[in-house]
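Take a look at the letters that make up each chain.
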Amino acid sequence: MTVTLFATVLILTLASSVYGYPRFQQEIPNGDKVPKPCETSTIWSGVGHLNQAGRGPLNPFGRDFQSNGLKWTSTVCQKDSDGDGLSNGQELGDPNCVWTPGQAPARTQNLTHPGFPERQC
């Protein structure tokens, strides 16, 4: 019984860590299309994390998104989390900060990562 309970808890924990980030991708415009900095042909799945796949320490955008209750609002949209001169909204295709989950963003191409300044490329 104890082994079965432990196995169940372990499986649920692993499943939540593997499948946790797609939910957050849906909470930001183009969350599933954010390119890897300096290598735009690769998608950065863990947008708010230093690790490309997610999990672990947050990057500046992730910290801002988290401190805003994990919600895309005009506050997060207008902020320039990575300090590269572009607002998070400009980088993610919502330059007017009007996007809401479920809508198509104003732009779906020429995106940049809001957590890493591209000027470092």
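About the cut-offs
Residues numbered from 1 in each chain as written. Predicted model: local features only at pLDDT ≥ 70, side-chain atom pairs only at ≥ 80, totals over all residues. Heavy atoms only, no water. Helix = DSSP H or I, 4+ residues; strand = E, 2+ residues; numbered from the N terminus. Buried < 20%, exposed > 50% of the residue type's maximum accessible area, 1.4 Å probe, protein only. Contact = heavy atoms within 4.5 Å. Areas by Shrake-Rupley, 256 points an atom, 1.4 Å probe, with all protein chains shown as cover. Salt bridge = Lys/Arg side-chain N within 4 Å of Asp/Glu carboxyl O. Core = buried A, V, L, I, M, F, W, Y, C linked by side-chain atoms within 4.5 Å.

## Observations concerning the overall build of the protein chain
Then step 1. Check the secondary structure of the protein chain and you find 5 helices and 2 strands.
Then step 2. In the protein chain, the order of α-helices and β-strands from amino to carboxyl end is α-α-β-β-α-α-α.
Then step 3. The burial tally for the protein chain puts 33% of its 121 residues in the buried class.
Then step 4. The long-range fraction of contacts in the protein chain, counting pairs at least 24 apart against all pairs at least 6 apart in sequence, stands at 44%.
Then step 5. Approximately 7200 Å² of the protein chain is accessible, and the part contributed by carbon and sulfur atoms is 58%.

## Brief notes about the pattern of salt bridges
Then step 1. Within this structure, the stated rule accounts for 3 salt bridges.
Then step 2. A salt bridge links Asp32 to Lys33; the nearest nitrogen and oxygen atoms lie 3.3 Å apart.
Then step 3. Residue class for Lys33 comes out partly exposed when judged on its relative accessible area of 37%.
Then step 4. Here Asp64 ties to Lys79 by a salt bridge, and the two come within 4.0 Å at their closest N and O atoms. Residue Asp64 is found in helix H3 (residues 60–67), and its partner Lys79 is found in the loop between helix H4 (74–78) and helix H5 (88–92); the two are separated by 15 residues along the sequence.
Then step 5. A residue is classified by how much of its surface remains accessible, and Asp64, at 16% relative accessible area, is buried.
Then step 6. Overall, the relative accessible area of 40% leaves Lys79 in the partly exposed class.

## Focus: the nonpolar core
Then step 1. Counting residues in each nonpolar core, the largest one holds 10 residues, listed as Ile28, Val34, Val47, Phe61, Phe65, Trp72, Val76, Cys77, Leu92 and Trp99.
Then step 2. Every element with two or more residues in this core is listed here: H3 and H4.

## Section: unusual backbone geometry
Then step 1. At Asn30, a residue that is not glycine, the phi angle is positive and equals roughly 55°.
Then step 2. Among the secondary structure elements, Asn30 is positioned in the loop between helix H2 (21–25) and strand E1 (35–36).
Then step 3. Residue class for Asn30 comes out buried when judged on its relative accessible area of 5%.
Then step 4. A positive phi is found at Leu70, a non-glycine position, where the angle reads about 60°.
Then step 5. Its place among the elements puts Leu70 in the loop between H3 and H4.

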